[in-house]
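# Tertiary structure, described
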Amino acid sequence: SPISYHITQIKWQVYDRFGVRVFECSDVGRKWDGRYLGVAQPMANFVFQCWWRGADNRTGYNKGNLILIR
């Protein structure tokens, strides 16, 4: 998960290969546990996008792939 000591606000989302949003969070310290609706997701490629604001008030957007490995 995108964690940094300099990020003060965050919104990030994780999608499966079918475009289903399996996770969304606005808590800087919270991580995705690899589950969707309480069900462990299979090892696969997922897509994330993240909007953030730093302690210096700069903002940014990142997106990419993540691989869930169990």
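Before going into details, it helps to say that this report is about the structure given with it. (Residues numbered from 1 in each chain as written. Predicted model: local features only at pLDDT ≥ 70, side-chain atom pairs only at ≥ 80, totals over all residues. Heavy atoms only, no water.)

## Some words on the pattern of salt bridges
Applying the stated criterion across every chain yields a total of two salt bridges. With a shortest N-O distance of 3.5 Å, Glu-24 and Lys-11 are connected by a salt bridge. Of this pair, Glu-24 sits in strand 2 (residues 21-25) while Lys-11 is found in strand 1 (residues 7-15), placing the two residues 13 residues apart along the sequence. What makes Lys-11 partly exposed here is its relative accessible area of 35%. For Glu-24, the salt bridge goes to Arg-21, with nearest N and O atoms at 3.7 Å. According to the relative accessible area criterion, Arg-21 is partly exposed, its value standing at 40%. Linked by salt bridges that have partners in common, Lys-11, Arg-21 and Glu-24 make up one network. (Salt bridge = Lys/Arg side-chain N within 4 Å of Asp/Glu carboxyl O. Helix = DSSP H or I, 4+ residues; strand = E, 2+ residues; numbered from the N terminus. Buried < 20%, exposed > 50% of the residue type's maximum accessible area, 1.4 Å probe, protein only.)

## Observations regarding the packing of aromatic side chains
Evaluated as defined, the whole model comprises three aromatic pairs. Plain terms: the ring middles of Trp-32 and Phe-46 are 5.1 Å apart, the flat faces sit at 70° to each other, and that makes the pair edge-to-face. In this pair, Trp-32 is assigned in the loop between strand 2 and strand 3 (35-36) and Phe-46 in strand 5 (residues 44-54), connecting sequence segments 14 residues apart. Both residues of the pair, Trp-32 and Phe-46, count as buried. Both rings, one in Trp-51 and one in Tyr-61, keep their centres 5.3 Å apart while their planes meet at 45°; by these two values the pair is tilted. With Trp-51 in strand 5 and Tyr-61 in strand 6 (residues 59-68), the pair connects residues that are ten residues apart, well separated along the chain. In this structure Trp-51 comes out as partly exposed when scored by relative accessible area, which is 36%. Seen from the ring of Trp-51, Lys-11 lies directly overhead, with NZ or CZ sitting 5.7 Å from the centre. (Phe/Tyr/Trp six-rings, centres within 6.5 Å; stacked < 30°, edge-to-face > 60°. Lys NZ or Arg CZ within 6 Å of the ring centre and 35° of its normal.)

By themselves these figures say nothing about function.
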